[in-house]
Amino acid sequence: MSSKNLIQIKQFCIYHEIENTFITELHNYGLVEIIMEENDEYLQPEQLPSIEKMIRMHYDLNINLEGIDAIYHLLNKIEALQHHLTNTQNKLRIYEENQAD
């Protein structure tokens, strides 16, 4: 994997004015994936929106890591349920249209 597309954790933390240990703790909770390459740590760009939400929860709302873990998993569950509901509604709509014909 090329480090061109990855975000260096040191630079990310400097930009957001946070400690590197915060990202390490998120990794320990299984909330982010850290990629080791050439003796440096990186994040995938797709993770940035979630990580930035977790930063705001922790630093702006004073939510501890256990709370962030619980909130993150609940939000993922809600998103999955909304996706399932949309799929079910689409299938029902197709069934109703077929019944009307």
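The paragraphs below set out a description of the structure included in this document. (Residues numbered from 1 in each chain as written. Predicted model: local features only at pLDDT ≥ 70, side-chain atom pairs only at ≥ 80, totals over all residues. Heavy atoms only, no water.)

## Remarks on the side chain of Q47
Inclusion rule: Numbered from the N terminus, helices here are DSSP runs of H or I no shorter than four residues, and strands are runs of E no shorter than two. Here a polar contact is recorded for every N or O atom pair within 3.5 Å, except that within protein the pair must consist of a potential hydrogen donor and a potential acceptor, and residues adjacent in sequence are included only if both atoms are side-chain atoms. When checking whether two residues touch, look at their non-hydrogen atoms; a contact exists if any pair is within 4.5 Å.
Tracing the backbone through its elements, the reader meets Q47 in the loop between β3 (40-43) and α3 (48-60). At 2.6 Å, the side chain of Q47 forms a polar contact with the backbone nitrogen of E33. Setting aside anything within four residues of it in sequence, one finds Q47 in contact with V32 and E33.

## What about the layout of surface pockets?
Short version of the rule: With a 1 Å grid laid over protein atoms only, a set of points is called a cavity when a 1.4 Å probe fits there but cannot get out and a pocket when it is open yet has protein on both sides within 12 Å along at least five of seven lines; lining residues have an atom within 4 Å of a point. Grid points are joined across faces, edges and corners, and a volume is the space filled by probe spheres set on the points. Amino acids outside the nonpolar list (Ala, Val, Leu, Ile, Met, Phe, Trp, Tyr, Cys, Pro) and the charged list (Asp, Glu, Lys, Arg) are all regarded as polar, and Gly is one of them.
Considering only enclosed or pocket space, the largest pocket measures out at about 160 Å³ in volume. Surrounding the largest pocket, P49, S50, K53, M54, M57, Y72, L75, N76 and E79 form its lining. Mapped onto the lining of the largest pocket, the elements with two or more residues apiece are α3 and α4 (65-100). Of the residues forming the lining of the largest pocket, the biggest block, five residues, is contributed by α3. Grouping the amino acids of the lining of the largest pocket by side-chain chemistry returns five nonpolar, two polar and two charged.

## Details of the packing of helix α2 (residues 20-28) against α3
Using the following cut-off: Only the stretch in contact is used when a helix axis is fitted, and all axes are lines through C-alpha atoms; the angle between N-to-C directions ranges over 0 to 180 degrees. Roughly parallel here means an angle under 35 degrees, roughly antiparallel means over 145, roughly perpendicular means 65 to 115, and every remaining angle is called oblique.
Running from amino to carboxyl end, α2 crosses α3 at an angle of 110 degrees, the nearest separation of the two axes being 12 Å. For the element pair α2 / α3, the angle class is roughly perpendicular. Residue-level inspection shows F22, I23 and L26 of α2 in contact with α3, the latter providing I51, M54, I55, H58 and Y59. The residue inventory of the contact of α2 with α3, partitioned by class, reads seven nonpolar, one polar and no charged.

## Topic: α2
Formally: Working definition: with a 1.4 Å probe on protein chains only, accessible area under 20% of the residue-type maximum means buried, over 50% means exposed, and in between means partly exposed. By construction, the arc corresponds to the directions joining the helix axis to the C-beta atoms.
What α2 keeps buried is the set F22, I23 and L26. Seen from one end, α2 has its buried residues packed into an arc of 95 degrees, which puts them on one side. In α2, the exposed positions that point more than 90 degrees away from the buried face belong to T21 and N28. As for α2, its buried residues are in contact with α1 (9-16), β3, α3 and α4. Residue G30 follows α2 closely and has a positive phi angle near 80 degrees.

## Some points on the pattern of salt bridges
We apply this condition: When a carboxyl oxygen of Asp or Glu lies within 4 Å of a side-chain nitrogen of Lys or Arg, that pair is called a salt bridge.
Evaluation of the coordinates by the stated rule reveals one salt bridge. In this structure, K10 and D40 form a salt bridge, with 4.0 Å as the shortest nitrogen-oxygen distance. Here K10, found in helix α1, pairs with D40, found in strand β3; they are 30 residues apart in sequence, far enough to count as distant. Overall, K10 belongs to the partly exposed group, its relative accessible area being 46%.

Interpretation in functional terms is not warranted from these geometric data alone.
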